[in-house]
Amino acid sequence: GLRVLRATRGRQVGWSILDVAFSPDGSQGLYCSWSSAVHVFDLHGDGDAHTALELRPPERRFAVFALAVAPDGREVLAAANDGCVYVYDRQAQRRVLRVPAHEDDANSLALGDASGQLVLSGGDDGVCRAWDRRCLPEGPAGVLAGHRDGLTFLHARGDGRYVVSNSKDQSAKLWDLRRPSGPAALAAARRAVARQSWDYRWQRAPRNARRATPLPGDASLVTFRGHVVLHTLLRCRLAPPGGAPVLAAGSAEGAVLVYDVTTGRALRRLANHGACVRDVSWSPEGAWLASASWDGTVRLWDYREPRRDADDTEGAGPAGEGAGPGGRGRGGGEGRGRGRARPRIKMADGAPPPSTPGACGSWRGGGVGEGRFCPTDRPMA
């Protein structure tokens, strides 16, 4: 099972802890909330000191929804409800930048490559913007537009090329950063977002959300539908390079959906949670998947490489919407219309999976909303 490495009570927490991150060496944890500061604490040792990184926002009602830490650990980047991206320099011990990034709340933030110079932000205006860290105030280097509602999360593969976006329009999209959207796509996204009149926090999604046609100029590679994006800023993550070409997405229905990124098809539905699954995270080698739920548990899934079953034959199933990392062409293989490989979910003790796969282990605690593997940790069987 899972063991608790460190438990600590957050400081200046309003409503909930909204995001967590780790320092590159895995020695410190960072968290944010409805507060003007990001807090840092040590993961090891006996002390319980928390250091506040004050962002000095101009507004009193302020929340940081997402965090990212530069590869050298010096800078902390934050996406906030005022639509801005903040940069805090830990060596200088002050905020060094506040950049207007979105026309509404900035909900997500990600680093697009290993250098940390490619910064991605996503907001309730329905678009993802790509920035060069060296010239943030000069404006975005590119825009990805194709969603009909606000973005809840961004996850970059880390290769400077692929990023996936999750949205309140009940879809996730895979993008190639080398194919930015044009003015027509941005204008179409703005019109679509402006027409939304529902609140995902307590209302059901519009009936036509799952049947929506692509917006004009939508340059996304693949669109994923099946998971439910309600109640909170739900997250999805690509498996790391070297792992299977899959995407895991939390769902408000208490499940995790695993998609094939080359076809957009849902491969498995992991449904052992009793409430909304807000976050998922792959282990560094892609063999394990963790899911964090409002039911107060973090569950650990043993994910095996896809295998090809006897009934996976030529021409099985319809072609997908596009091709992403790990495959060429349409339909999941190198040629058109090939059958898809299926993942294996095994229990930790080697027992065969039940009809509804169960988690290999779980950890129970109060108010679980975030789950992420620390860079230096390895999952425990």
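This write-up is about the structure you can find in this document. These numbers come from a predicted model, not from an experiment. (Residues numbered from 1 in each chain as written. Predicted model: local features only at pLDDT ≥ 70, side-chain atom pairs only at ≥ 80, totals over all residues. Heavy atoms only, no water.)

### Let's talk about the overall build of the protein chain
Which entries qualify depends on this criterion: The numbering of helices and of strands both runs from the N terminus, where a helix is a DSSP run of H or I of at least 4 residues and a strand a run of E of at least 2. Remark: exposure states derive from per-residue accessible area (1.4 Å probe, protein chains only) relative to the maximum for the residue type, with buried under 20%, exposed over 50%, and partly exposed in between. Throughout, a residue-residue contact means that at least one pair of heavy atoms, one from each residue, lies within 4.5 Å. A 1.4 Å probe and the Shrake-Rupley method give the accessible areas. Residues count as covered only by the protein chains that appear here.
Along its length, the protein chain carries one helix and 25 strands. Across the 381 residues that make up the protein chain, the buried fraction comes to 55%. Of all intrachain contacts in the protein chain linking residues separated by at least 6 positions in sequence, the fraction that spans at least 24 positions is 55%. Split by element, the accessible area of the protein chain, about 16,600 Å² in all, is 47% carbon and sulfur.

### Brief notes about the pairing of strand β10 (residues 118–123)
Regular strands place side chains that alternate from one sheet face to the opposite one. The test is simple: Think of it this way: DSSP has to see at least two bridges between two strands before they count as a pair.
With six of its six residues buried, β10 lies for the most part within the structure. The alternating pattern of β10 places Leu118, Leu120 and Gly122 on one face and Val119, Ser121 and Gly123 on the opposite face, and all of these are buried. Relative to β10, strand β9 (residues 106–111) runs antiparallel, the two being bridged by five bridges. Its bridge partner being in β10, Ser108 is matched across the sheet by Gly122. Turn length for the β9-β10 hairpin, with the two strands adjacent in sequence and antiparallel, is six residues, and the turn residue Gly116 shows positive phi of about 80°.

### Structural notes on the sheet that holds strand β14 (residues 162–167)
Put simply, the rule reads: In this analysis an axis means a line fitted to C-alpha atoms, helices contributing only their contacting stretch, and an angle means the value between N-to-C directions, from 0 to 180 degrees.
One open sheet accounts for four strands, arranged β13-β14-β15-β16; its pairing is antiparallel. With one partner strand each, in any of the chains shown, β13 (151–156) and β16 (222–224) form the two edges of the open sheet. Neighbour-to-neighbour, the strand axes of the sheet open up by a mean angle of 20°, direction not taken into account. In the sheet, strand β15 (residues 171–176) pairs with β16 via three bridges, with the strands oriented antiparallel. The residue bridging Ala172 from the neighbouring strand is Phe224, located in β16.

### Some remarks on the environment of Val85
Looking at the element boundaries, Val85 is found in strand β7 (residues 84–89). Taking C-alpha positions, Val85 is 5.2 Å from Val99, a pair spaced 14 residues apart along the chain. Once residues lying within four places of it in the same chain are set aside, the contact partners of Val85 are Ala78, Leu97, Arg98, Val99, Ala101, Leu109 and Ser121.

### Some remarks on the packing of aromatic side chains
Applicable threshold: Ring pairs shown here join Phe, Tyr and Trp side chains whose ring centres sit within 6.5 Å, with only the six-membered ring taken for Trp; geometry is labelled stacked below 30 degrees between planes, edge-to-face above 60, and tilted in between.
One pass over the structure, following the stated rule, counts four aromatic pairs. Each ring, one from Phe62 and one from Tyr86, has its centre 5.4 Å from the other, and the planes form 75°; the classification is edge-to-face. A residue pair is termed long-range when its members are at least 10 positions apart, and Phe62 in the loop between β4 (50–54) and β5 (64–69) and Tyr86 in strand β7 qualify at 24 residues. Taking relative accessible area as the criterion, Tyr86 reaches 0% and is therefore assigned buried.

### Looking at the side chain of His273
Stated formally: The definition of a polar contact used here is a pair of N or O atoms within 3.5 Å, where within protein one atom must be able to donate a hydrogen and the other to accept one, and adjacent residues in sequence count solely through side-chain atom pairs.
Along the chain, His273 turns up in the loop between β20 (266–270) and β21 (277–282). Given the relative accessible area of 8%, His273 is considered buried. Side-chain polar atoms of His273 contact the side chain of Ser291, separated by 2.8 Å. A distance of 3.2 Å separates a polar atom in the side chain of His273 from a polar atom in the side chain of Thr297. In contact with His273, not counting residues within four places along its chain, are Gly254, Ser291, Ser293, Asp295, Thr297 and Arg299.

### Some words on the nonpolar core
The condition that has to hold: The term nonpolar core refers to a set of buried residues drawn from Ala, Val, Leu, Ile, Met, Phe, Trp, Tyr and Cys, joined through side-chain atoms within 4.5 Å.
Core analysis: the biggest nonpolar cluster contains 29 residues, and Leu30, Val38, Leu53, Leu55, Val64, Leu67 and Tyr86 have the highest contact counts within it. Listing elements by their share of this core, those giving two or more residues are β2 (28–32), β3 (37–42), β5, β6 (75–80) and β7. When residues in this core are grouped by element, the largest group, four residues, is from β5. Dropping the residues within four chain positions of it, Val64 is found in contact with Leu18, Cys32, Ser33, Ser35, Leu55, Ala78, Ala79 and Ala80.

### Points about the environment of Gly112
By the secondary structure assignment, Gly112 is in the loop between β9 and β10. Separated by 42 residues in sequence, Gly112 and Leu154 have C-alpha atoms that sit 9.9 Å apart. Sequence-distant contacts of Gly112, that is, excluding residues within four places in its chain, are made with Leu118, Leu120, Ala156, Gly158, Asp159 and Gly160.

### Brief notes about the sheet that holds β6
Strand order across the open sheet formed by four strands is β5-β6-β7-β8, with antiparallel pairing between neighbours. With partners counted over all chains shown, the strands left at the sheet margins are β5 and β8 (94–100), one partner each. Looking at each pair of strands side by side, their axes are set apart by 20° on average, direction ignored. Here β7 runs beside β8; their pairing, made up of six bridges, is antiparallel. Directly across from Val87, in β8, lies its bridge partner Leu97.

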